[in-house]
Amino acid sequence: MLEHDVIIVGGGLAGTRAAVEIARSQPDAKIAVIAKTHPIRSHSVAAQGGIAATLKNVDDTDSWEAHAFDTVKGSDYLADQDAVALLTQEAPNVVIDLEHMGVLFSRLDDGRIAQRAFGGHSHRRTCYAADKTGHAILHELVNNLKRYGVTVYEEWYVMRTIVEGGTAKGIVVYHIETGEIKVIRARAVMLATGGYGRVFNTTSNDYASTGDGLAMAAQCGLPLEDMEFVQFHPTGLYPAGVLISEAVRGEGAYLRNVHGDRFMETYAPNQMELAPRDITSRAITLEVRAGRGVKLDGSAGGPFVHLDLRHLGREKIMERVPFCWEEAHRLAGVDAAEEPMPVRPTAHYSMGGIPVNTRGQVRSSADGLTHALYAAGECACVSVHGANRLGSNSLLECVVYGKLTGQAIAEDLPTLKQPDIDEAKYLREANVRVQALLDRRDGERIDAVRQDLQDCMSEHCSVFRTDEVMREGLTKLNAICDRAGRTVLGDRGKLWNTELIEAMEIESLTVVAQTILHSALQRQESRGAHSREDFPTRDDGKFLKHTLAYYSPAGVEITHMPVALGMFEPKERKY
Ligand SMILES: Cc1cc2nc3c(=O)[nH]c(=O)nc-3n(C[C@H](O)[C@H](O)[C@H](O)COP(=O)(O)OP(=O)(O)OC[C@H]3O[C@@H](n4cnc5c(N)ncnc54)[C@H](O)[C@@H]3O)c2cc1C
C-alpha cells in the first residue's frame, strides 16, 4: 500500500497553497498532491480578473474592515463573520507572500502592485496579472511544489475517500494512464477538488469541474453546506458560456440592452455595472424576459445583452483585458474594440460545499468534526461567501484558507497516526465498480444522460426559481439519476480510458445535483444568488441559517446550522 503523511486531493490554488504551507513548517513530512488533471490544468489556471487584498496601493482609505463589510453585505449576511475577518485580515500577507514567490502581478508606474475595481467592492483593491491572474499564481505555486519536494501524482482519479468511524484514513485512486487501482493511506487527508459548474449546461468552468470532492464527502455520510447557492456570472460569452471577466466592467465597460440603454440604472443606480453578480445576473435575465435582449441579427427579443467596451479604446483593452478580447474574437467572431460582445449569465461558482471550520477541519454535523479530514478552496464551505460571492474573493479564499488549513494540518500532524486500512477490501470494491462499468453491454452512452442532467438543472434550478419548477426538475432528475447508473461505455480498454472517468464523474454530478435541488426547495426565501419568485424577500426570522444536506441513495435530508454573526448586523442590501 502506498502511504504519505498528508494526501491533498487537488492541484489547484487551494491544494498547492496548503502543500507549500505544510512543507514550510514540517520539512520532513511526506506530502502528496494528487490530481485528475495535470496540476497546472486545474481550473484555477483560468481565473482572470484578480485577487482582492487591501494593499492600499491606489486607495489609502481602504481597510480590512471595509473589505469585510463588502464581503458580508455581498453574502446577503449569510457569511460566517469570523471566517470573513480572517480572510480579509490575512489578504495583504498572502498576496505579498505570492509576490515573493515570484508571481508576476501587473504594476503601477511606481512599481507597486496595481489594483482595479471589482463588483460589490467599495474600494479599488483587486490585484491582478492582466486578465490571467490564476495562470500567474498557479504556475508559481506548482513550481514551489517541486522546490519543497512534494510528491505529485498527476492524472490520477480519486474514486473515493476512506472514512471509518469518523476518521479519514486515505483514498482509493485510479491511474488514468495505466488503469491501475491503488489504495493510499495517510495520517491526514485534504480535499481541494474545486467546483461543480458542469452540473449546468452553460458554465464558465472546465470539463473537470464535476464536484467529485463534494460527492466523495457526501458518500461518506458527511453533510454538504448551503448547496442552493450557485453563482451565475452575469457575463458568459454567448453562446459558449465561457467567462468574460468582471475585470472588463472593472475597467469601465457598459452593459446595454437592445435599445442601447445601460439598464443597470434600473437595478443598481449607484454601483451600476459593478453591482454584485447575483443582482447583475438577475437584471440581465429580466431584460431578456422583457424582450429587451438581443438576437444575433441585432433585433429585439433575443437571449443575450451587450457588453460594450468600445469607449475604452483598443490600447487599454489590449493592455488590461487582452485575453477577454481574444476569447470574444475567437469564439464569437467579435472585435471588442469595434463591436459589443454578446453575453448572458453562466453557471460559475459554488458558494456551498464541504462544511469546514476556520482550521479547514471538515464538519460531520453542525457541532461535530471528522478526524484527520480537511478541505479548502471552492469545494469547501468555510462560508466567507454566504449566499453570494464577490469577484476576486475566491482566489483569495483559496490562498488564505489553503494556507490556514496547511498550518492546521502541520500543527495536528504530531498527534495523527498512520491508520490501519483493509487494503484488499477497498481494492476489491473499486475493481468491482470499474469492472461493472466496463462489462455492461446495454444502456445509454454517457453524453446523452449528462446533457439531460445539465439541461434539467439549467431549466429547473437557475437564476430564478419556484417550488413548482424545482419539483418538476426533481422528478426529471430522479429519472436521469436512474439512467446515469446504467450507462454503457464505447471504450473498454485500460489505457487512457477517459470515458470510464466520465462514467465516474457523472455519479458525482448526480449527487451534487440532488443536494442542490433539495437544498433550494427547502429555502423558502430569496437571499443572494438563491432567488425564489414565490418567496421574493429575505426572511431572516426563518432562514438566517446555513443548510446542511445529507445525501444517501434513499434521498437527501436537510438540517441547519447557525450563522456566525459579529461585526455587521443584517440590513437590507442596496447598491
Ligand atoms: C473562468 C473562471 C475565471 C475565474 N476568475 C476568478 C478571478 O478572477 N478571481 C477569483 O477570485 N476567482 C475566480 N474564479 C474562481 C476561482 O478561480 C476558483 O474558485 C478557484 O480557482 C478554485 O480553486 P481550487 O483550488 O478550489 O480548485 P481548482 O482549481 O478547480 O482545482 C481542483 C483540482 O482538483 C482536482 N480534482 C478534482 N476532482 C478530482 C478527483 N476525483 N481526483 C483527483 N483530482 C481531482 C483537479 O484535477 C484539480 O487539480 C474564476 C473561475 C473561473 C471558472
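Given the structure is predicted, the values throughout are model-derived calculations rather than measurements.

Taken as a whole, this structure holds five aromatic pairs when the rule is applied. A centroid spacing of 5.4 Å and a plane angle of 80° characterise the contact between Phe-200 and Phe-232, whose relative ring orientation is edge-to-face. In this pair, Phe-200 sits in the loop between β9 (181-191) and α5 (212-219) while Phe-232 sits in strand β11 (residues 230-237), placing the two residues 32 residues apart along the sequence. Of the two residues, Phe-200 and Phe-232, both sit in the buried class. Stacked on the ring of Tyr-575, the Lys or Arg Lys-73 has its end atom at 4.3 Å from the ring centre. The side chain of Arg-198 reaches across the aromatic face of Tyr-207, ending 4.1 Å from its centre.

This next bit is on the sheet that holds strand β3 (residues 51-52). The sheet built from three strands is open, its strands ordered β3-β5-β4 with antiparallel pairing. Each of the sheet's edge strands pairs with one partner strand only, and the pair in question is β3 and β4 (115-116). Summarising the sheet, β3 and strand β5 (residues 126-127) pair through two bridges and their orientation is antiparallel. The residue of β5 that forms the bridge with Ala-52 is Thr-126.

A few words on the sheet that holds β11. Here we have four strands laid out as an open sheet, ordered β11-β14-β13-β12, and antiparallel in their pairing. Two strands lie at the open edges of the sheet, namely β11 and β12 (254-256), each paired on one side alone. Each strand axis lies, on average, 45° off the axis of its neighbour in the sheet, ignoring direction. Relative to strand β14 (residues 341-350), strand β13 (residues 305-308) runs antiparallel, the two being bridged by three bridges.

In contact at an axis separation of 10 Å, helix α14 (residues 467-484) and helix α15 (residues 498-522) are set at 160° when each is read in the N-to-C sense. One element, α14, and the other, α15, form an angle in the roughly antiparallel class. By crossing handedness, the relation of α14 to α15 is classed as left-handed. Together, Asp-467, Met-470, Arg-471, Gly-473, Leu-474, Leu-477, Cys-481 and Ala-484 of α14 and Ile-506, Thr-510, Ala-513, Gln-514, Leu-517, His-518, Ala-520 and Leu-521 of α15 make up the contact between the two elements. When the residues that make up the contact of α14 with α15 are grouped by side-chain class, the tally is 10 nonpolar, four polar and two charged.

This part is about the domain arrangement of the chain. If you check the domain split of the chain, you get domain 1 (234-344) and domain 2 (441-559). Across the domain 1/domain 2 interface, buried area totals approximately 490 Å², and carbon plus sulfur atoms make up 61% of it. Three residues, Asp-278, Arg-282 and Arg-289, lead the burial of domain 1 against domain 2; their summed loss comes to 73% of the area buried on that side. Remark: the boundary between domain 1 and domain 2 carries one salt bridge. The salt bridge involving Arg-289 is made with Glu-533; its shortest N-O contact spans 2.8 Å. Looking at the side of domain 1 that touches domain 2 residue by residue, the classes come out as one nonpolar, two polar and three charged.

Before going further, it helps to spend a moment on helix α1 (residues 13-25). With 13 residues, α1 extends 19 Å between its outermost C-alpha atoms, agreeing within 8% with the 18 Å of an ideal straight helix rising 1.5 Å per residue. Most of α1 is tucked away, with 11 of its 13 residues classed as buried. Residues of α1 that are buried include every one of Leu-13, Ala-14, Gly-15, Thr-16, Arg-17, Ala-18, Ala-19, Val-20, Glu-21, Ile-22 and Ala-23, and no others. Each element contacted by the buried residues of α1 is listed here: β1 (2-9), β2 (31-35), α3 (81-101), α4 (133-147), β9 and α11 (394-412).

Quick look at the side chain of Glu-21 now. The topology assignment puts Glu-21 in helix α1. A polar contact of 2.9 Å, which involves the side chain of Glu-21, links it to the side chain of Arg-17. Apart from the residues lying within four places of it in its own chain, the contact partners of Glu-21 are Lys-403, Gly-406 and Gln-407.

In the neighbourhood of the ligand, 39 residues make up the surrounding shell, with Ser-42, His-43, Ser-44, Glu-378 and Ser-394 lying closest. Contact distances for the ligand include 2.7 Å between an oxygen atom and a backbone N or O atom of Gly-49. For the ligand, whose unbound accessible area comes to 1000 Å², protein coverage reaches 98%. Residue assignment for the shell around the ligand shows that the elements contributing at least two residues are α1, β2, β7 (156-164), α5, β14 and α11. Partitioned by chemical class, the residues of the shell around the ligand number 16 nonpolar, 19 polar and four charged.

So, about the nonpolar core. One finds Ile-34, Ile-51, Tyr-174 and Ile-516 to be the most contacted residues of the largest nonpolar core, which totals 141 residues. For this core, the element with the highest residue contribution is α15, accounting for 13 residues. Those residues in contact with Ile-34 that lie beyond four places of it in its chain are Ile-7, Ile-8, Val-9, Gly-10, Gly-11, Tyr-153, Trp-156, Val-158, Ile-171, Val-173 and Ile-184. Counting residues in each nonpolar core, the second largest holds 29 residues, with Phe-118, Val-305, Val-321 and Tyr-575 among its members.

This next bit is on α15. Relative to the 36 Å expected for 25 residues at 1.5 Å per residue, α15 spans 36 Å between its end C-alpha atoms, a close match to the ideal helical length. The buried fraction of α15 amounts to 21 of the 25 residues, a majority that puts the element mostly inside the structure. Capping of α15 at its N-terminal end is provided by Asn-497; its side-chain oxygen lies 3.2 Å from the backbone amide nitrogen of Glu-499.

The subject of this paragraph is the side chain of Arg-17. Note on placement: Arg-17 falls in helix α1. Classification of Arg-17 by relative accessible area gives buried; the value is 1%. A distance of 3.1 Å separates polar atoms of two side chains, one belonging to Arg-17 and the other to Asp-97.

When two helices pack together, their arrangement is captured by the angle between the axes and the distance separating the axes. Running from amino to carboxyl end, helix α13 (residues 446-460) crosses α15 at an angle of 20°, the nearest separation of the two axes being 11 Å. In terms of orientation, α13 lies roughly parallel with respect to α15. You can see that α13 and α15 cross each other, and the crossing is left-handed. For the pair formed by α13 and α15, the contact residues are Ile-446, Asp-447, Val-449, Arg-450, Leu-453, Met-457 and His-460 on the first element and Glu-499, Glu-502, Ala-503, Ile-506, Leu-509, Thr-510, Ala-513, Ile-516 and Leu-517 on the second.

Thresholds, definitions, all that
- Residues numbered from 1 in each chain as written.
- Predicted model: local features only at pLDDT ≥ 70, side-chain atom pairs only at ≥ 80, totals over all residues.
- Heavy atoms only, no water.
- Phe/Tyr/Trp six-rings, centres within 6.5 Å; stacked < 30°, edge-to-face > 60°.
- Helix = DSSP H or I, 4+ residues; strand = E, 2+ residues; numbered from the N terminus.
- Buried < 20%, exposed > 50% of the residue type's maximum accessible area, 1.4 Å probe, protein only.
- Lys NZ or Arg CZ within 6 Å of the ring centre and 35° of its normal.
- Pairing = 2+ DSSP bridges.
- Axes fitted to C-alpha atoms, helices over the stretch in contact; angles between N-to-C directions.
- Parallel < 35°, antiparallel > 145°, perpendicular 65-115°, else oblique.
- Left-handed = near helix turned anticlockwise from the far one by under 90°.
- Contact = heavy atoms within 4.5 Å.
- Nonpolar A, V, L, I, M, F, W, Y, C, P; charged D, E, K, R; others polar.
- Domains from an automatic or database assignment.
- Buried area = accessible area lost by both parts, 1.4 Å probe.
- Salt bridge = Lys/Arg side-chain N within 4 Å of Asp/Glu carboxyl O.
- Expected span 1.5 Å × (residues − 1).
- Polar contact = N/O pair within 3.5 Å; in protein donor to acceptor, adjacent residues only side chain to side chain.
- Near = heavy atom within 4 Å.
- Areas by Shrake-Rupley, 256 points an atom, 1.4 Å probe, with all protein chains shown as cover.
- Core = buried A, V, L, I, M, F, W, Y, C linked by side-chain atoms within 4.5 Å.

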